[in-house]
Amino acid sequence: MPLIHAPMCTCCGKHRTNHPSGICSHCRRLKGSKMCSNCGDHETAHPGGLYYRCRSKAANGDDLDNAITYQKEVLLALVMLKSEYSYRQIGEVIGKSKSATYALCQSARRHPQFQD
């Protein structure tokens, strides 16, 4: 049953909550969280500092060759984007769809290392 008349979370203001603290379950779960030390895209409260998908990849022994190939694709896409190629043209070169290429470039640009 949805919380139609419950007050909004005092922390994020996005979710409704009936918790006595006024903080939604999402914010309570992520209390003390930080960005993933591997991908930098997701918040995690895990003591190891890895988001759950990054932890599962590390546990499966994701090989170094795949990581190198991925980083080469990201670098090539960003260099081509800077040279004013379209996402369609970049996607044809790296073998991805236009939308996947766009997501790849945006993810690289949002990395916390490049934020002010």
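These notes cover the structure that comes with them.

What counts and what doesn't
Residues numbered from 1 in each chain as written. Predicted model: local features only at pLDDT ≥ 70, side-chain atom pairs only at ≥ 80, totals over all residues. Heavy atoms only, no water. Salt bridge = Lys/Arg side-chain N within 4 Å of Asp/Glu carboxyl O. Helix = DSSP H or I, 4+ residues; strand = E, 2+ residues; numbered from the N terminus. Buried < 20%, exposed > 50% of the residue type's maximum accessible area, 1.4 Å probe, protein only. Core = buried A, V, L, I, M, F, W, Y, C linked by side-chain atoms within 4.5 Å. Contact = heavy atoms within 4.5 Å. Disulfide = S-S within 2.5 Å.

## Here we look at the pattern of salt bridges
- Enumeration over the complete set of coordinates arrives at two salt bridges.
- Two residues, lysine 96 and glutamate 73, come together in a salt bridge whose shortest N-O distance is 3.7 Å. Residue lysine 96 is located in the loop between helix H4 (87-94) and helix H5 (98-109), and its partner glutamate 73 is located in helix H3 (residues 64-82); the two are separated by 23 residues in the primary sequence.
- Lysine 96 gets classed as partly exposed once you look at its relative accessible area, which sits at 33%.
- Of the charged contacts, one joins glutamate 92 and arginine 88 as a salt bridge, the two residues approaching to 3.0 Å between their closest N and O atoms. Of this pair, glutamate 92 and arginine 88 both sit in helix H4, separated by four residues, roughly a single helical turn.
- Take arginine 88: its relative accessible area is 46%, and that puts it in the partly exposed class.

## Observations concerning unusual backbone geometry
- Despite not being glycine, glutamate 84 shows a phi value in the positive range, around 65°.
- With respect to the helices and strands, glutamate 84 occurs in the loop between H3 and H4.
- By relative accessible area, glutamate 84 is classed as exposed at 73%.

## Remarks on the nonpolar core
- Formed by Val74, Ala77, Met80, Leu81, Ile90, Ile94, Leu104, Cys105 and Ala108, the largest nonpolar core amounts to nine residues.
- Mapped by element, the contributors of at least two residues to this core are H3, H4 and H5.
- If we skip the residues at most four places from it in the chain, alanine 77 touches Ile90, Ile94, Leu104 and Cys105.

## So, the state of the cysteines
- Inspection of every chain in the model, using the stated rule, returns zero disulfides.
- Cysteine cysteine 24 shares no disulfide, and the gap to the nearest cysteine sulfur, in cysteine 27, comes to 3.5 Å.
- Residue classification places cysteine 27 among the buried positions, given a relative accessible area of 14%.

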